[in-house]
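Structure at a glance
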Amino acid sequence: MQQFARVHRLPPYVFAQVNELKMQMRHAGADIIDLGMGNPDVPTPKPILDKLAEAAYKPGNSRYSASKGIKGLRRAIADWYQRRFDVSLDMDQEVCVTMGAKEGLAHLALAMLTPGDVVLAPDPAYPIHPYASIIAGADVRRVPIGPGQDFFENLEIAIRHTWPKPKVLIINFPHNPTTQCVDVPYFEKIVDFAKEHGLYVIHDLAYADFTFDGYEAPSFLQARGAMDVGVEFYSMTKSYSMAGMRVGFCCGNKELVQALTRIKSYLDYGIYNPIQIAATCALSGDLGDDPKFSREEMDNAVREIMAVYQDRRDALCDGLNRVGWEVEPPKATMFLWARIPEEFRKMGSVEFSKMLLREAEVAVSPGLGFGEYGDDHVRFAFVENRHRTNQAIRNLRKFFAKG
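Predicted model only: the values in this text are computed from it and were never measured.

All right, on to the pattern of salt bridges then. By the definition in use, this model includes 22 salt bridges. Linking Lys-167 and Asp-117 is a salt bridge whose minimum nitrogen-to-oxygen distance equals 3.5 Å. In this pair, Lys-167 is assigned in the loop between α7 (151-160) and β5 (168-171) and Asp-117 in the loop between α5 (100-112) and β3 (118-123), connecting sequence segments 50 residues apart. Residue classification places Asp-117 among the buried residues on the basis of a relative accessible area of 15%. Between Asp-123 and Arg-142 there is a salt bridge; the shortest N-O distance is 3.8 Å. You can see Asp-123 sitting in strand β3 and its partner Arg-142 sitting in strand β4 (residues 139-144), a full 19 residues away along the chain. Here the salt bridges share partners, and the residues they tie into one network are Asp-31, Glu-384 and Arg-388.

Before going further, it helps to spend a moment on the layout of surface pockets. There is about 1,200 Å³ of room inside the largest pocket. Lining the largest pocket are 48 residues, and of these Tyr-13, Phe-15, Lys-102, Tyr-126 and Pro-127 lie nearest its centre. Contributions of two or more residues to the lining of the largest pocket are made by α2 (14-27), α5, α6 (128-135), α10 (236-239) and β11 (365-366). Counted by class, the lining of the largest pocket contains 26 nonpolar, 12 polar and 10 charged residues. A volume near 460 Å³ is recorded for the second largest pocket.

Here we come to the pairing of β5. With burial as the criterion, each face of β5 is covered, one bearing Val-168 and Ile-170 and the other bearing Leu-169 and Ile-171. Bridge count for β5 against strand β6 (residues 200-204) is four bridges, and the pairing is parallel. In the strand pairing of β6, Ile-170 is matched with Ile-202.

With respect to the helices and strands, Val-323 occurs in the loop between α13 (295-322) and β9 (335-339). Leave out the neighbours within four places in its chain, and Val-323 touches Ile-393, Arg-397 and Phe-400.

Attention now moves to the packing of aromatic side chains. Inspection of the entire model under this criterion finds 25 aromatic pairs. Relative to Phe-249, the ring of Trp-80 lies with its centre 6.1 Å away and its plane at 80°, an arrangement referred to as edge-to-face. One end of the pair, Trp-80, is in helix α4 (residues 71-85); the other, Phe-249, is in strand β8 (residues 248-252), and 169 residues separate them in sequence. Like Phe-249, Trp-80 is buried. Where Phe-187 meets Phe-220, the ring centres are 5.5 Å apart and the plane angle is 85°; that geometry is what we call edge-to-face.

What counts and how
- Residues numbered from 1 in each chain as written.
- Predicted model: local features only at pLDDT ≥ 70, side-chain atom pairs only at ≥ 80, totals over all residues.
- Heavy atoms only, no water.
- Salt bridge = Lys/Arg side-chain N within 4 Å of Asp/Glu carboxyl O.
- Helix = DSSP H or I, 4+ residues; strand = E, 2+ residues; numbered from the N terminus.
- Buried < 20%, exposed > 50% of the residue type's maximum accessible area, 1.4 Å probe, protein only.
- 1 Å grid on protein atoms, 1.4 Å probe; cavity = no way out; pocket = protein on both sides within 12 Å on 5 of 7 lines; lining within 4 Å.
- Points joined across faces, edges and corners; volume = space filled by probe spheres on them.
- Nonpolar A, V, L, I, M, F, W, Y, C, P; charged D, E, K, R; others polar.
- Pairing = 2+ DSSP bridges.
- Contact = heavy atoms within 4.5 Å.
- Phe/Tyr/Trp six-rings, centres within 6.5 Å; stacked < 30°, edge-to-face > 60°.

What follows is the structure in structure tokens.
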């Protein structure tokens, strides 16, 4: 691999160590409760699947699609932003459909960045946020985020001490993995910061619907002047339980959206048309002639999915606090960012995660996999039902009882 420069710049996959041990134990017959990967398990709402199946049988829908997305889906996305956030978008110039947010982020970085460019990204972070830029040949300046950190203050410090001047800032609120939440005025501070320093902003809004206890996640594009400096990605993976269908979109600044659209026109022929049609119906509520499947019905389906995750959050957080692992329930995302108990903290997150696997048969994600500033935490995902979550708590109670 030494001769492949881009591959050589990617570090060893930290999660692989825990995943390998997990697979070994499963092959040996262990009943692993996997709370590691944020892989949605809630079924896709039936109306979406019905529309997908109906579209799949229509002649012509299996042909090549448009790399930037079919017109109906782009219109539904623009309408969704207007309805949800009171943000007006030009469906032809300011909206591009992507194969999930991850692909879109990576290809936008490829369109924008060249070797020598510098990108500011949070640490810890969802891996594609820094590594999309690294794959594109740029350098990443990592900015600490999370409990005990003032991310904006850290941004101001980073910009003063970085040369050459950064070109792009990548943010993600509600944040994966730390679950940090912000409001529109915070985004307006980010916009002002970007304008002052000549930065583009890329915001990942993957967890727009995963909000609890009265909190509502804003869109970056709601901030005054946001369209001048940045774009926002959204994925239907989580909110609509469409993970394997790979539907996301990029919206906002016309220059950036068109750069992504152009590079994608060389790289792909778009998502399978029936999936785009199903996604269109999910966003618009236009599910055909059946009056049972209205926009209200689709909104209710999303709320029902969120209720499942909130129930799992409550079960996990209540249980951990009962067994002595003090955690605060997150206001958003499908994750719990839990600080490693003090008596185990010196082990680091990878060895601690391995110990939880061996001793409690519970799999979590080591914080180091999200960046060096995450090594004193592990991440739990709300991907097991309440029964399995309660079993994990029982296993952890026995683990802590051993001392």
